[in-house]
Amino acid sequence: MSQFVDRRLSGKNRSAVNRQRFLRRFQGQIRKAVSDAVSGRGVADLERGEKISIPARDLNEPVFRHGPGGRRSIVHAGNREFVGGDRVERPESGEGWGGGASPEGEGLDEFVFELSEEEFMNYFFEDLALPDLVKKQLSAVPEVKRVRAGYTSDGSPSSLHVVRSLKQAIGRRLAMASGPQEALREAEAALAELEAQGLGASPEAEALRAEIEALEARIAAVPFLDTWDLRFAYRVNQPRPASQAVMFCIMDVSGSMDEARKDIAKRFFMLLYLFLTRSYERIDLVFIRHHTVAKEVDEDDFFGSRETGGTVVSSALALMDEIVRARYPSALWNIYAAQASDGDNWEDDSPRCRDLLLNAILPRVQHYAYVEIQAEHPQSLWREYEYVKSVNPRFAMQRILGLEDIYPVFRELFRKKAAA
Amino acid sequence: MMEEYPLKARRHLSEGSEWTFELLRLYDRELARVAAHYGLDTYPNQIEVITSEQMIDAYSSVGMPVGYHHWSFGKQFMATRKSYRRGQMGLAYEIVINSNPCIAYLMEENTMTMQALVIAHACYGHNSFFKGNYLFRTWTDADGILDYLVFARNFVAECEERHGEEAVEAVLDSCHALMNHGVDRYKRPARLSLAKEQARQREREDYLQSQVNLLWRTLPPKEAAGAQKADRRLPPEPQENLLYFIEKNAPRLEPWQREVVRIARKIAQYFYPQRQTQVMNEGWATFWHYTLLNHLYEEGRLSDGFMMEFLQSHTNVVHQPPYYGRGYGGINPYALGFAMFRDLRRICESPTEEDRRWFPEVAGSDWVQTLDFVMRNFKDESFIAQYLSPRLIRELKLFVVLDDDLEDELEITAIHDEAGYRAVRQALAEQYDLGRREPNIQVWSADVFGDRSLTLRHYQHDRRPLEEASTAEMLRHVARLWGYTVRIESVDEAGRVEPLEECRL
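Residues numbered from 1 in each chain as written. Chains lettered and ligands numbered in written order. Predicted model: local features only at pLDDT ≥ 70, side-chain atom pairs only at ≥ 80, totals over all residues. Heavy atoms only, no water.

> Help me understand the overall build of chain A, please; the structure alone is not making it clear to me.
Counting secondary structure elements, chain A contains twelve helices and 13 strands. Counting all 420 residues of chain A, 42% fall into the buried class. Entry remark: accessible area of chain A is about 22,300 Å², with carbon and sulfur atoms responsible for 52%. (Helix = DSSP H or I, 4+ residues; strand = E, 2+ residues; numbered from the N terminus. Buried < 20%, exposed > 50% of the residue type's maximum accessible area, 1.4 Å probe, protein only. Areas by Shrake-Rupley, 256 points an atom, 1.4 Å probe, with all protein chains shown as cover.)

The structure is reproduced here in structure tokens:
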């Protein structure tokens, strides 16, 4: 009489829609909670979900309910010391004793739930976008790929699809000849019968022969290949998103860059990297560190080892230019660069940096961000860069004082251009 | 008839904790056999095995197997999943749907013992309660509910497509807020039927709209105006069913909005009996899983290990911590209901002199018949008022605390002694009276000829006031549906009327 049904395999996410509705309804609060959460955690573990808590009163579903006051009797269990008529102090908070009266219970002040990694990151990046990304995709000569899109009955001879056309022809010939073929078979059978009866010369037989001849002519007249049969491979232009990017991380590792500054720089680079992963399928990283000479290194070396000595920023810029020319043609790559430094540079090197940026590097990159970390006061490099910024919109610069500045500065650097 | 198992042939149904579909069927057959022996009358069962994730899904749509979309279900889902992951919730017990066939869910993670427990509890306990209890028989329609829910979901989805998710959500928010006030407490509702609903829906839309238009026509016939004014009160009598009144009379609702209000009202009505029989329903199901499994054990069909696991789980469920204990959250309805049904059986089977004095008709009667009668004809309030025995009051050490805001201290008005039994029983019964637990709100009047404002009245009981914050919020919901200014007045027990709150539109 009972029926058992195994439902385990049927859709488990029945509540997914309701969850989306919930997130949409409280997106204001959630966005705020996400931004609070970001400032509270390290960049290295940015990519994971987050516990979000919203004040429970915001999402209460109200009902008409009794407030405190009036007269009420409440039954409790487990009496140990009371006798009828006893009087006791009113407990401090509310009803006391487990809140007996309202079985539904009001619960906690905060509604806490988990935001998945993906949801979290989407909120995080919601109103960020790399400035020239959109521009490049829309205005630059669009990169397209010709992709097959089935067949068409019209096209240039070079795209004629032979197999398809012949298939079509076979079908057409079958269709056009099948009627006469049938009639022909019948006529031949009738003729054979007549001949078997020895009436091969009768007028009926003659008529049949004439008919057979006509039918054979009709069948023969069905063309082997007709223009109607022709099929051409159809190709459409599919826009190919510029889906690869290279990110240059340039950092000063001279003696004045201490661990704390490097740490800030590292977080900035990681945030940028993370952001690029949202927009591009494939991202190359190039690490260039420099003091008086620049060197391309791997990530561990980049953040790990420490050098001493003076600073020549242009060495790094020159190296970057070289690498771009050699490995990353700007037609195929979206190029981003982020430079971190404490602002130290040899006085007469800064104008060289300016020229390198303006003439060689900026024309090829999507965006160049410069952050100056815990610099005491602007030095020659900053002044030269300010000039670059004033003439080239792809260049952005900011000063960072502490860890908590990174995210606001990052937002500032990569604010949507539309809003600006 | 019960089959007798000769001692030698007695074998355990299973050993170990793994379940299989064969074992589930075997246990179900055995439980059905024993349930029939005790005369439990049930709908056919449809037992669905699901994952814990699906169980949380089911929990969060308040047990509706098919539900329209709403953010509050999403919120519920997240809260449930969180507490499940933290291990705060067993999820072992149980979702069972009052429908025909009666749908019950088993979670795949459970052991064989727990599956058997849930089958006994839900498929024979709750199921027979749904089929037998007068409230469910009167108020719900087990045959029609699934179809109606499908209709509701499709209708809401269609509205979302036509009018936008947000517009529908707004109406649903307000309806959900008013659901407790969307039931007819005394009038029996019409049966639900999908075909009829759909056929009538269009008709109803047009008709309702024409009624409303008529009602709110701005230019009443001149000559009759004066006469009408005096005798056309809306509503003629105070109306307790706010959603019903709004559905039929709100001047500015569009037809589809009226239908959404109606859906909320129908669903509220469907769940109304559950809210009135919490103690009885859970007590009944708990009593029967206990009785059925013990019966099987006595027949030698269950192993000792099975019983140990079962009893541990059972004991947790029916635990009643004392008021000073940790985790005390008032009276545990499972504990109270289970204890009362067991106590009733005891009174039937071995009554004391005291029982004979208190329950002359029950003492010594056939317990199966008596329990069946009780299950069919009572709800929490009357069940407690009628059958809470002095012995059980002593066992649970119940006592009554009077909290009067005119007094500085709380007073213990009654305890578990000869002088207090009746008072305790009375107080506990009232505690489960929905009419007292929830504020009594009525539609008092709609100003048909004036500014179209709506006036609600809160009838106080024991001077208990409405909570201010939630009342203001609630008025906004009512005003959203009504479309014009809504105010609420409070009427105290002496009949004095006092304005309370107003939401202007």
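Next, the rest of the story.
> Help me out: how do you make sense of the packing of helix α1 (residues 16–25) of chain A against helix α7 (residues 165–178) of chain B in this one?
Geometry of a packed helix pair, given as the angle between the helix axes and the separation of the axes. Two numbers describe how α1(A) lies on α7(B): the axes approach to 13 Å, and their chain directions differ by 90°. Here α1(A) lies roughly perpendicular to α7(B), going by the angle between them. On α7(B), the residues that touch A:Arg21, A:Arg24 and A:Arg25 of α1(A) are B:Glu165, B:Glu166, B:Glu169 and B:Asp173. For the contact of α1(A) with α7(B), the per-class residue count stands at no nonpolar, no polar and seven charged. (Axes fitted to C-alpha atoms, helices over the stretch in contact; angles between N-to-C directions. Parallel < 35°, antiparallel > 145°, perpendicular 65-115°, else oblique. Contact = heavy atoms within 4.5 Å. Nonpolar A, V, L, I, M, F, W, Y, C, P; charged D, E, K, R; others polar.)

> What am I meant to see in the interface of chain B and chain A here?
Interface size, as often reported, equals the accessible area lost upon joining of the parts. Taken residue by residue, the interface counts 100 residues in chain B and 62 residues in chain A. Between chain B and chain A, a total of about 7,800 Å² is buried, with carbon and sulfur atoms accounting for 53% of that surface. By the criterion of area lost to chain A, the three top residues of chain B are B:Trp71, B:Met78 and B:Tyr323, representing 10% of everything that side buries. In this structure, the connection of chain B to chain A is made through 15 salt bridges. (Buried area = accessible area lost by both parts, 1.4 Å probe. Salt bridge = Lys/Arg side-chain N within 4 Å of Asp/Glu carboxyl O.)

> Quick question: what am I supposed to make of the packing of aromatic side chains here?
Per the stated rule, a full pass over the model turns up 40 aromatic pairs over all chains. Aromatic pair B:Trp19 and B:Phe21: ring centres 5.5 Å apart, planes at 80°, arrangement edge-to-face. Judged on exposure class, the residue B:Trp19 and its partner B:Phe21 are both buried. Measuring from ring centre to ring centre gives 5.4 Å for B:Trp284 and B:Phe341, while their planes differ by 70°; the resulting arrangement is edge-to-face. Here B:Trp284 is found in helix α12 (residues 278–298), whereas its partner B:Phe341 is found in helix α14 (residues 333–349), with 57 residues between them in sequence. With a relative accessible area of 1%, B:Trp284 lands in the buried category. Classification of B:Phe341 by relative accessible area gives buried; the value is 0%. Each member of the aromatic cluster is reached from another via a ring pair, and the members are B:Tyr38, B:Trp284, B:Phe287, B:Trp288, B:Phe341, B:Phe359, B:Trp367, B:Phe373, B:Phe378, B:Phe383 and B:Tyr387. One residue, A:Arg80, lies across the ring of B:Tyr324, its end atom 3.5 Å from the ring centre. It is B:Arg345 that lies over the ring of B:Trp367; its NZ or CZ is 3.9 Å from the centre. (Phe/Tyr/Trp six-rings, centres within 6.5 Å; stacked < 30°, edge-to-face > 60°. Lys NZ or Arg CZ within 6 Å of the ring centre and 35° of its normal.)

> Would you mind going over a negative patch on the surface with me for this structure?
The grouping of A:Asp298, A:Glu299, A:Asp300 and A:Asp301 at the surface amounts to a negative patch. If you trace the backbone, A:Asp300 turns up in helix α8 (residues 299–304). (Patch = residues over 30% accessible without salt bridge, like charges linked within 9 Å, V, L, I, M, F, W, Y side chains within 5 Å. Lys, Arg positive; Asp, Glu negative; His and termini not counted. Charge placed at Lys NZ, Arg CZ, Asp CG, Glu CD.)

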